[in-house]
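# Coordinates in review
Letter by letter, the chains look like this.
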Amino acid sequence: MAKTLRTEESIMIARPVADVFEYMSNPDNAPAWNGNVVDYNLESGKPDEVGSVTSFTAKVAGFKLEATEELTDYQANKRLGFRSVKSKVGYDRELDFAVDGEHTRVTWVSEAEAGTGVFKFADPIVQKLHAHDVRSSLEKAKTILEA
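A brief structural summary. (Residues numbered from 1 in each chain as written. Predicted model: local features only at pLDDT ≥ 70, side-chain atom pairs only at ≥ 80, totals over all residues. Heavy atoms only, no water.)

## Overview of the overall build of the chain
As a reminder of what qualifies: The way it works is that DSSP assigns letters per residue, a run of H or I at least four long becomes a helix, a run of E at least two long becomes a strand, and they are numbered from the N terminus. Accessible area is worked out with a 1.4 Å probe on protein chains only. A residue is then buried under 20% of its type maximum, exposed over 50%, and partly exposed in between. We call two residues contacting when some pair of their heavy atoms lies within 4.5 Å. Shrake-Rupley sampling with a 1.4 Å probe provides the accessible areas, and residues are treated as covered by the protein chains on show and by no other component.
For the chain, the count of helices and strands is three helices and seven strands. When the helices and strands of the chain are placed in sequence order, the string is β-α-α-β-β-β-β-β-β-α. A buried classification covers 38% of the 147 residues belonging to the chain. Intrachain contacts of the chain at a sequence separation of at least 6 include 47% that bridge at least 24 residues. Of the roughly 8,400 Å² of accessible surface on the chain, 53% is carried by carbon and sulfur atoms.

Here is the structure:
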C-alpha cells in the first residue's frame, strides 16, 4: 500500500476476553456494534477461517459504501485481521483483544490508502472522522457487552 493513514483506538470492556471476542468476531453482530455498518454478510468460508470473504454496506460521512473484505488473521481470543478486497479505498484493519485484569482491552488499528492528487488535502479530515467512527463503534460494543 502507498502512503497510509493510520488510526488506532482502544477501549476497556468489563467482560472476559472470550465473551468479547466471541461477540465481536461474529459477522452477524457487526451491524449492531459497528456504527457505520448497515449490513455485513459472509460470502465464502467460515467466520473463523482465514481467507473467508465478507461483503458489507456502510454509511460514511453520509455516503453509502459497498465493499468486500478478507479475513487475514484469526487467533481466537487474541486477534482478527482484515484486508479490503473490493473497496473504493484500500485498507487493512485489525482488532486485538487482551486480558487486562478482569477486563478486556480491545484495540482497533487500521491503515487506509491516503488520498492522491487534489484529494490529499482532505486526509487529515478523513482521518479525524474515521478515528471518531472507530471510537464510537468501540464504545457501542462496550455498551452492548456490559449491559
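## Here we look at the sheet that holds strand 7 (residues 103–113)
Strands belonging to one sheet form pairs held by backbone hydrogen bonds; the direction of such a pair is parallel or antiparallel. Going by this rule: Should DSSP find at least two bridges between two strands, the strands are regarded as paired. Lines fitted to C-alpha atoms define the axes, with helix axes restricted to the stretch in contact, and inter-axis angles between N-to-C directions lie between 0 and 180 degrees.
Strand order in the open sheet formed by seven strands is 1-7-6-5-4-3-2, and the pairing between neighbours is antiparallel. Since the sheet does not close on itself, it has two edges, and those belong to strand 1 (4–13) and strand 2 (37–44), each with one partner. Across the sheet, the mean angle from the axis of one strand to that of its neighbour is 20°, orientation sign disregarded. Bridge analysis of strand 6 (residues 91–100) against strand 7 gives 10 bridges, and the strand direction is antiparallel. Note that in strand 7 the partner of R93 across the bridge is S110. The strands touched by helix 1 (residues 17–25) within the sheet are strand 1, strand 4 (63–75), strand 5 (79–86), strand 6 and strand 7, with strand 6 carrying the most contacts at an inclination of about 160°.

## Quick word on the pattern of salt bridges
Test applied: Any Lys or Arg side-chain nitrogen located within 4 Å of an Asp or Glu carboxyl oxygen qualifies as a salt bridge.
This structure, assessed with the given rule, holds 12 salt bridges. Between E8 and R6 there is a salt bridge, and its shortest N-O distance comes to 2.9 Å. Under the relative-accessibility criterion, R6 is labelled partly exposed at 43%. Of the charged contacts, one joins E69 and R93 as a salt bridge, the two residues approaching to 2.6 Å between their closest N and O atoms. Taken together, the positions of E69 in strand 4 and R93 in strand 6 put the pair 24 residues apart, joining distant regions of the chain. Like R93, E69 is buried. Three or more residues are tied together by salt bridges with common partners; here these are D73, R79, E94 and D96.

## Some thoughts on the pairing of strand 6
Here strand 5 runs beside strand 6; their pairing, made up of five bridges, is antiparallel. Counterpart to L80 in the pairing with strand 6 is L95. Count of turn residues in the strand 5/strand 6 antiparallel hairpin: four residues. Hairpin remark: strand 6 followed by strand 7, antiparallel, with two residues in the connecting loop; positive phi at G101, about 65°.

## A word on the nonpolar core
In plain terms, the rule: Take the buried Ala, Val, Leu, Ile, Met, Phe, Trp, Tyr and Cys residues and link them wherever side-chain atoms come within 4.5 Å; each set so joined is a nonpolar core.
Counting residues in hydrophobic clusters, the biggest one holds 26 residues, and the most contacted among them are M24, F97 and V106. Per-element tally for this core: the top contributor is helix 1, with five residues. The residues touching F97, leaving out its near neighbours within four places in the chain, are V17, V20, F21, M24, N77, K78, R79, L80, T104, R105 and V106.

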